[in-house]
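One-letter residues, chain by chain:
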Protein chains: 2
Amino acid sequence: MLISELSAASGVSTHLIKFYLREGLLRQGHLTSRTRAEYSDDHLRELVLIRALVDLRGLPVQAVGEILAALRLPATNFHYLLGYLVGSLDEPAPPAEPSEPTGADDEDSTAARRTLDEAVAAMGWHVHPGTKAMRSAEASLDALRRYGIPLDVTDLLQYAQAADTIAQADFAHLSTLASRQEMFEHALIRTFLLDTTVLAMRRLAQEHLSGQHFSGEDTDPAGTPQP
Amino acid sequence: MLISELSAASGVSTHLIKFYLREGLLRQGHLTSRTRAEYSDDHLRELVLIRALVDLRGLPVQAVGEILAALRLPATNFHYLLGYLVGSLDEPAPPAEPSEPTGADDEDSTAARRTLDEAVAAMGWHVHPGTKAMRSAEASLDALRRYGIPLDVTDLLQYAQAADTIAQADFAHLSTLASRQEMFEHALIRTFLLDTTVLAMRRLAQEHLSGQHFSGEDTDPAGTPQP
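Residues numbered from 1 in each chain as written. Chains lettered and ligands numbered in written order. Predicted model: local features only at pLDDT ≥ 70, side-chain atom pairs only at ≥ 80, totals over all residues. Heavy atoms only, no water.

Chain A is annotated in an unreviewed UniProt entry as MerR-like DNA binding protein of Sanguibacter antarcticus.

Draft legend 1. Quick peek at the overall build of chain A. Across its full length, chain A carries nine helices and two strands. Reading the secondary structure of chain A in the N-to-C direction produces α-α-β-β-α-α-α-α-α-α-α. The proportion of buried residues among the 227 residues of chain A is 51%. Sequence separation of at least 24 residues holds for 60% of the intrachain contacts in chain A that already meet a minimum separation of 6. (Helix = DSSP H or I, 4+ residues; strand = E, 2+ residues; numbered from the N terminus. Buried < 20%, exposed > 50% of the residue type's maximum accessible area, 1.4 Å probe, protein only. Contact = heavy atoms within 4.5 Å.)

Draft legend 2. Quick look at the packing of helix 1 (residues 3–10) of chain A against helix 2 (residues 14–22) of chain A. All names here are of chain A. As a packed pair, helix 1 and helix 2 sit with axes 9 Å apart at the nearest point and diverge in direction by 105°. Taken as axis vectors, helix 1 and helix 2 run roughly perpendicular relative to one another. Each of Ile 3, Leu 6 and Ser 7 in helix 1 lies in contact with helix 2, whose residues at this interface are Thr 14, Ile 17, Lys 18 and Leu 21. Grouping the constituent residues of the contact of helix 1 with helix 2 by class yields four nonpolar, two polar and one charged. (Axes fitted to C-alpha atoms, helices over the stretch in contact; angles between N-to-C directions. Parallel < 35°, antiparallel > 145°, perpendicular 65-115°, else oblique. Nonpolar A, V, L, I, M, F, W, Y, C, P; charged D, E, K, R; others polar.)

Draft legend 3. Region of the structure containing the confidence of the model for chain A. Residue and element names in this part refer to chain A. Per-residue pLDDT for chain A has a mean of 79; in total, 78% of the residues score no lower than 70. Confidence over residues 92–105 falls short of pLDDT 50; this stretch has 22 contacts with residues more than four positions distant or in other chains. Contacts for the low-pLDDT stretch residues 218–227, under 50 throughout, to residues beyond four places or in other chains number 14 contacts. In the predicted assembly, ipTM is 0.75 and pTM is 0.75. (pLDDT = per-residue confidence, 0-100.)

Draft legend 4. Representation of the pattern of salt bridges within the structure. Evaluated as defined, the whole model comprises 12 salt bridges over all chains. Of the charged contacts in the structure, one is a salt bridge between Arg 113 of chain A and Glu 138 of chain A, with a shortest N-O distance of 3.4 Å. With Arg 113 of chain A in helix 6 (residues 103–123) and Glu 138 of chain A in helix 7 (residues 132–146), this pair connects stretches of sequence that are 25 residues apart. In this structure, Arg 202 of chain A engages Asp 195 of chain B in a salt bridge whose closest nitrogen and oxygen atoms are separated by 2.7 Å. Here Arg 202 of chain A, found in helix 9 (residues 180–214), pairs with Asp 195 of chain B, found in helix 9 (residues 180–214), and the two come from separate chains. In this pair, the class of Arg 202 of chain A matches that of Asp 195 of chain B, namely buried. A cluster of three or more residues bridged by salt bridges with shared partners is formed by Asp 170 and Asp 195 of chain A together with Arg 202 and Arg 203 of chain B. (Salt bridge = Lys/Arg side-chain N within 4 Å of Asp/Glu carboxyl O.)

Draft legend 5. Local environment of the environment of Ala 163 of chain A. For Ala 163 of chain A, the location among the structural elements is in helix 8 (residues 153–171). The sequence separation of Ala 163 of chain A and Leu 25 of chain A amounts to 138 residues, and the corresponding C-alpha distance is 32 Å.

Draft legend 6. Geometry of the domain arrangement of chain A. Under the domain assignment used here, chain A contains domain 1 (3–72) and domain 2 (103–213). Inter-centroid distance (C-alpha atoms) of domain 1 of chain A to domain 2 of chain A is 32 Å. (Domains from an automatic or database assignment.)

Draft legend 7. Here's a closer look at the packing of aromatic side chains. Residues and elements named next belong to chain B. In this structure the tally under the stated criterion is two aromatic pairs over all chains. Summarising the aromatic geometry, the rings of Phe 19 and Tyr 20 are spaced 5.7 Å apart at their centres and angled 50° between planes, so their arrangement reads as tilted. Phe 19 sits in the partly exposed class, given a relative accessible area of 27%. What makes Tyr 20 buried here is its relative accessible area of 2%. (Phe/Tyr/Trp six-rings, centres within 6.5 Å; stacked < 30°, edge-to-face > 60°.)

Draft legend 8. Representation of the environment of Glu 46 of chain A. Considering the arrangement of structural elements, one finds Glu 46 of chain A in helix 3 (residues 41–57). In this structure, the C-alpha to C-alpha distance between Glu 46 of chain A and Gln 28 of chain A, residues 18 residues apart in sequence, is 12 Å. Beyond its immediate chain neighbours, meaning those up to four positions away, Glu 46 of chain A contacts Leu 25, Leu 26, Arg 27, Leu 68 and Arg 72 of chain A together with Tyr 147 of chain B.

Draft legend 9. Inspection of the side chain of Thr 191 of chain A at higher detail. Mapped onto the fold, Thr 191 of chain A is located in helix 9. In this structure the side chain of Thr 191 of chain A is engaged in a polar contact, spanning 3.4 Å, whose partner is the side chain of Gln 206 of chain B. (Polar contact = N/O pair within 3.5 Å; in protein donor to acceptor, adjacent residues only side chain to side chain.)

Draft legend 10. Looking closely at helix 1 (residues 3–10) of chain B. Residue and element names in this part refer to chain B. Along helix 1, the residues that are buried comprise Ile 3, Leu 6, Ser 7 and Ser 10. Projection of helix 1 onto a plane perpendicular to its axis shows the buried side chains occupying an angular sector of 100°, all on one side. Looking one or two places after helix 1, you find Gly 11, whose phi comes out positive at around 80°. (Arc of directions from axis to C-beta.)

Draft legend 11. Looking closely at helix 2 (residues 14–23) of chain B. Residues and elements named next belong to chain B. Considered for burial, the residues of helix 2 that qualify are Leu 16, Ile 17, Tyr 20 and Leu 21. Summarising the axial view, the buried residues of helix 2 lie within an arc of 145°, below the 170-degree limit, and thus occupy one face. Exposed residues on helix 2 whose side chains face more than 90 degrees from its buried face are His 15 and Arg 22. Following helix 2 by one or two positions, Gly 24 has its phi on the positive side, about 80°.

What follows is the structure, encoded as structure tokens:
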């Protein structure tokens, strides 16, 4: 298809498609003359992916470029490549000011890490101890603890069980796919796009539960902001 | 405690504490003289919360101020206030360029919304149909569909079940708390901070599963990036 048809099919302006081409995000089409290029369904798929990663995840152009470059590699060493890619793109939110370490924090940091390690062991998970995900989990548990809401292993295991259910769902269809390249694409796309879905579904479940528990108990609409 | 002790206990510099005071994020301490103020454990708790929301969630100062202001309201109409607060602070990632709607998208958008509505109905969830969470879930499902990885209701229900497990864990301790104000605080803090934990635990579960399925099958370390 021509660039105009690619634009119509994807909902992305020709101007933006040309930007992605210049940036090397989108692969060049097949030149049929000096001024015309043909694009395939693969280009369309990549373009839809680029928009999803930018729109839904707010990823910067460079990060999106890295994902696409990795997708085009031969699908060797699936596990390590997927782990590398996901890990390199999971940046923790940058702090406005660097936190200053205090002696009082150390004991809590150790307690948060211990709780996490115990939960990982109880789940029988074989995972690298130094990933961003481990640090991110530890940091959030540490913050809860310092705020006075420590999670113990039993609490955390409920979240781990839910995570296991999610990961099983994430991987459920991979074995039905025809090629390793396709398996890699699916795993990567679902990992990134479904983060949004997972958090949204959590909100819906919370809204339902909160309504069940609390909405009948208060009758003070005055001054209540509209939902 | 004095501001210097508040700084030592929280790990936040005096300079930054004064910034938060000027911005109205942190409540003023109790003035004991023209130049000295006393701070309580409640101030320490708020300061830890501010850092967590900035560090872990990257929330802007205004958003953090809204959360703290809501926490100080009398805990009436718990359900609506919690929903309003969580909903108002769940901003979707801003797109770099606005997406252009095409006729071809409408059918897919409807399909994504139908799948979502069916899953919500199957879970028996009583939720408002127009929340950010519903739009966010729909947008992510729509993107997957347009990329050629549509989720059907059976798939989505696995994520919904996991979300239900998570929400049950989120609310498990609320009934054990002494005051409604405390219940509100806990629900709000856990909602925000555990988003990070939920996504991190998903990564760990995925890493484990991926290792189980794939790591023994490839033996090409050459050119593989280090994890």
